[in-house]
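Notes for the structure review
If you want the building blocks of each chain, they are given just below.
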Amino acid sequence: MNVYYQSTRGGGEKVTASKAILMGLAEDGGLFVPDHLPKLDRSLEELAAEDYKECAHDVMKLLLTDYSEEELKECIAKAYDSKFDTPEIAPMAEAEGAYYLELFHGKTIAFKDMALSILPHLMITAARKNKDERTIVILTATSGDTGKAALAGFADVPGTKIIVFYPKDGVSPIQKRQMITQTGSNTCVIGVDGNFDDCQTEVKRIFTDEAENRKLNGNGYRFSSANSINIGRLVPQIVYYVYAYTRLVREGRIKAGDPVNFCVPTGNFGNILAAYYAGQMGIPVHKLICASNSNRVLYDFFTTGTYDRNRRFVLTMSPSMDILVSSNLERLIYHIAGDDAGKNAELMKELSAEGKYSITPEMREKLRIFTGGYASEEDTAEAIRSLYEDTGYVIDPHTAVARHVYQQYAKESGDKTPTVIASTASPFKFETSVLRSLGQPAEGDDLALADALSRIANVPVPEAVESLRGAAVRHTKVTDRAGMEREVSAFLGI
Ligand SMILES: *Cc1c(COP(=O)(O)O)cnc(C)c1O
């Protein structure tokens, strides 16, 4: 049965997967959601015998139903190749009885690579299928990791241009260096005097602005998005939850059918929504543990039923989660309202007018699979330090937020269900915070710090960091929120 995609706000028509990927965001500003979630059509045991690529195909074919088998297999083959530093693509490490699903073995050493390695291929294929010859302009707001992963994925891809906006003081030194040294004649990277929410809100506005879109079309361009609002980001992320579960089956850690928990460090709610979808498709899930940092807007939402962004924005050592408006939560709201676009649109209107909304008791009832927790900065540092002292395993601050929240949850609930923790970045990407948490000196050149961390963690410096040594800075522009649209036009020459 074909799956079609519709806006969470009810506007426009249902579209095919390839159309939804090309469009990125629905015309009414809503997010595309599948009209139903198909069940896995292979048994868990069969899936357990597959490698990452085969598993990716068996999951993605169910949701991207207008791609042919050949098209999909080609996209998968181009994405999950030697760009990853292990043939397993997403290996798992056990520490203290929990399973760390390492999603950082791609080109930019953060989990965003899992989806952004394949998105350019899905998009180019989508343009071909829809006979759209316009140049695709990827407009992206980043809290640090999406930007670089999208740049790496789209650099020099024919038929595309990519513009990335990042909060100029809101990303780690390595993240910044990765972005401003990006090569590729079709890339543009701009710092914004503001926080991630400023970048994201303005990108969304430009994206749906009628005058801007007319101007773009007149010049042979069309916008699309590499942010997790694009369904082409979400679908590839479902794969690794299926893969993780079936690895546990294969290794005899669980029996097929046994429930597991997924604990996910969360910002824009994309990664954990993918885990929710994996559960809906047939992976036995007991709890989805949503881990927040000090920007605990999601924790408050899960504990009170009220989403309230009216609060101080905090810069933390897990910057990719420094977010107060979690875009993808809109998809969950739509689903728990009973796929009711009217109800969702009403709440989103309240969010943009008042900065908050409350869900109904019936909707809350449907959230019972979720539980939330948060980690302060001290908790995060302590989670890095104690895990290292106990096991020698070094994790990044985002993963540390998840570890803290998981331990808190396990202690309070007594739940012994096997738990997979999404390990979303390599510690090398956030080495200053990691070294400081370990009580080590963290002053000086960021590349020298990588060497220090390598000695402590007893793992080699990843190629993604090695290659920054001596890389020339190519992007130095900074603007304010009001100047973002001007920069887009300037780069495109329109
Ligand atoms: C993006 C990111 C997150 C948050 O993921 P969401 O899908 O936005 O919830 C967590 N950790 C790292 C390292 C990230 O890059």
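You'll find the structure just up there.
1. Looking at helix 7 (residues 145-154)
Helix 7 sits mainly inside the fold: nine of its ten residues count as buried. For helix 7, the full list of buried residues reads D145, T146, G147, K148, A149, A150, L151, A152 and F154. Just past helix 7, the residue D156 takes up positive phi, approximately 60°.

2. Points about the site of the ligand
Taken together, 15 residues lie around the ligand, and K112, D145, G267, N268 and T424 are the ones closest in. Contact between the ligand and D145: an oxygen atom at 2.4 Å from a side-chain N or O atom of the residue. Here an oxygen atom of the ligand sits 2.8 Å away from a polar atom, N or O, in the main chain of N268. Relative to its free-state accessible area of 380 Å², the ligand is covered by the protein chains to the extent of 98%. Looking at the shell around the ligand residue by residue, the class counts come to five nonpolar, eight polar and two charged.

3. A look at the nonpolar core
Grouped burial of nonpolar side chains is what soluble globular proteins tend to show. Ranked by internal contacts, the top residues of the largest apolar core, which has 113 residues, are Y5, L64, F262, F269, L332, I333 and Y357. For this core, the element with the most residues is helix 11 (residues 231-250), which contributes 13 residues. In this view, I333 contacts F301, N344, L347, M348, Y357, I359 and M363; residues no more than four positions away in its chain are not counted. Counting residues in hydrophobic clusters, the runner-up holds 39 residues, among them A383, V401, Y409 and A442.

4. Focus on the pairing of strand 5 (residues 135-141)
Successive residues of a regular strand alternate their side chains across the two faces of the sheet. In terms of residue burial, strand 5 counts as a mostly covered element, since six of its seven residues are buried. In this sheet, strand 8 (residues 221-224) lies alongside strand 5 in parallel orientation, the contact comprising four bridges. Paired with V137 across the two strands is F223, which belongs to strand 8. With six bridges joining them, strand 5 and strand 6 (residues 160-167) adopt parallel strand pairing. Note that in strand 6 the partner of T140 across the bridge is V164. For the crossover that starts at strand 5, traverses helix 7 and ends in the parallel strand 6, the hand is right-handed.

The rules behind the values
Residues numbered from 1 in each chain as written. Predicted model: local features only at pLDDT ≥ 70, side-chain atom pairs only at ≥ 80, totals over all residues. Heavy atoms only, no water. Buried < 20%, exposed > 50% of the residue type's maximum accessible area, 1.4 Å probe, protein only. Helix = DSSP H or I, 4+ residues; strand = E, 2+ residues; numbered from the N terminus. Near = heavy atom within 4 Å. Polar contact = N/O pair within 3.5 Å; in protein donor to acceptor, adjacent residues only side chain to side chain. Areas by Shrake-Rupley, 256 points an atom, 1.4 Å probe, with all protein chains shown as cover. Nonpolar A, V, L, I, M, F, W, Y, C, P; charged D, E, K, R; others polar. Core = buried A, V, L, I, M, F, W, Y, C linked by side-chain atoms within 4.5 Å. Contact = heavy atoms within 4.5 Å. Pairing = 2+ DSSP bridges. Right-handed = clockwise from strand over helix to strand, strands pointing away.

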